[in-house]
Amino acid sequence: MTVEQIPVTTLASGHRLELTVHTLRGASDGPRMVMFGGIHGDEPMGSETVRRLLDAIDPAHLSGTVVAVPVANPYAHQALTRNTPLDGVNLNRIFPGDRGGSVTEQLAAVLSGILEGADYFIDFHSGGNFATVEYAYLHDAGAEMSRAYGTSVLYRGHPYGGSATGWALEKGVRCMVSELGGGGQRIEHYLRRGVDGTLNVLRAIGMLPGDPVAPPEDQVVVDTLTTLRPTVGGTVLSDFGAARLGERVPKGTVLAKVVSPYTSEELEVITAPYEPSILVLGREHLTNVAPGDYGFMVADGATAKPADPG
């Protein structure tokens, strides 16, 4: 394995911003797989998943090449923020970037160069500092990866404009986005799921030997995934944390209440909108929240369909 530092830009402080790129070359020819972790700095689970994968993959058994960027946004990673602190920009909304632009635009441009020529791409995300999530995006180009990854919910949604995945799909790259873990909950559980799921993906696409493990029997595809955001700030009290992800709850179920930590006033109630609602992102019993934060994410259980085994 080789480790390379790719220059991005020099800051006013004199610091040279670089991206660390790991290249793992297999013993035989095969596809080129690119992996990013930490596009959002408040999602360190992705960075750790990529780091563990680099240790877990034996080059002697690998067909092809794995190119991995564990920390795609170093300053956001340092600050544990979704956006880059230096310019306030969301890295996953401005691909393919601009070499003559702001810090984040230049990061996107360098990352786009790394993605050029890839056959496969996996972008590792999680639920951020306070929320825990469990699903994977399902795209026609790369669907075999999403199924093999092993989450019980697959979301057939369009990628965000300017996202790394959206740009890669336009370039003909087969893509998967992992949304797994976060919120400081069940950390080892989700890290194992991410590593084991990705190794299974590599078997499914022929980059590692052996038969892939079949997807879970209850794996479903959903087309509707709704984010429930509080309109006020305060303290969120909820009984629907990480251990209940994947659970189907009746329409109208109270998922959380937002209360004032100052007056104890109940400010808002967040309820399940579908019959049933499948919980894919939740919060622990007590977390702080700001207006517009990710509160919960739910899928419409009535429209969920069994996943095609491929």
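Above: the structure in question.
Residues numbered from 1 in each chain as written. Predicted model: local features only at pLDDT ≥ 70, side-chain atom pairs only at ≥ 80, totals over all residues. Heavy atoms only, no water.

Student: It is not clear to me how the environment of Val-269 should be interpreted in this structure. Could you clarify?
Tutor: By the secondary structure assignment, Val-269 is in strand β14 (residues 266-271). Given a relative accessible area of 37%, Val-269 falls into the partly exposed group. C-alpha of Val-269 to C-alpha of Val-254: the two residues are 15 residues apart in sequence and 6.9 Å apart in space. When near neighbours in sequence (up to four residues on either side) are disregarded, Val-269 contacts Val-254, Ala-256 and Lys-257. (Helix = DSSP H or I, 4+ residues; strand = E, 2+ residues; numbered from the N terminus. Buried < 20%, exposed > 50% of the residue type's maximum accessible area, 1.4 Å probe, protein only. Contact = heavy atoms within 4.5 Å.)

Student: For this particular structure, what's the right way to read the packing of aromatic side chains?
Tutor: Counted by the stated rule, this structure contains four aromatic pairs. Arranged with centres 5.0 Å apart and planes meeting at 70°, the rings of Phe-36 and Phe-121 form a pair that is edge-to-face. Pair noted here: Phe-36 is in strand β3 (residues 28-37) and Phe-121 is in strand β5 (residues 120-125), with a separation of 85 residues, a long-range link. Between Tyr-135 and Tyr-155, the ring centres sit 6.3 Å apart and the planes meet at 75°, which makes this aromatic pair edge-to-face. Taken together, the residues span a long stretch of sequence, with Tyr-135 in strand β6 (residues 131-137) and Tyr-155 in strand β7 (residues 153-155) at a distance of 20 residues. This pair shows no difference in class: Tyr-135 is buried, exactly as Tyr-155 is. Ring-pair connections join several aromatic residues into one group, and the members of that group are Tyr-135, Tyr-137 and Tyr-155. Residue placement shows Arg-229 over the ring face of Tyr-294; its charged tip is 4.5 Å from the ring centre. (Phe/Tyr/Trp six-rings, centres within 6.5 Å; stacked < 30°, edge-to-face > 60°. Lys NZ or Arg CZ within 6 Å of the ring centre and 35° of its normal.)

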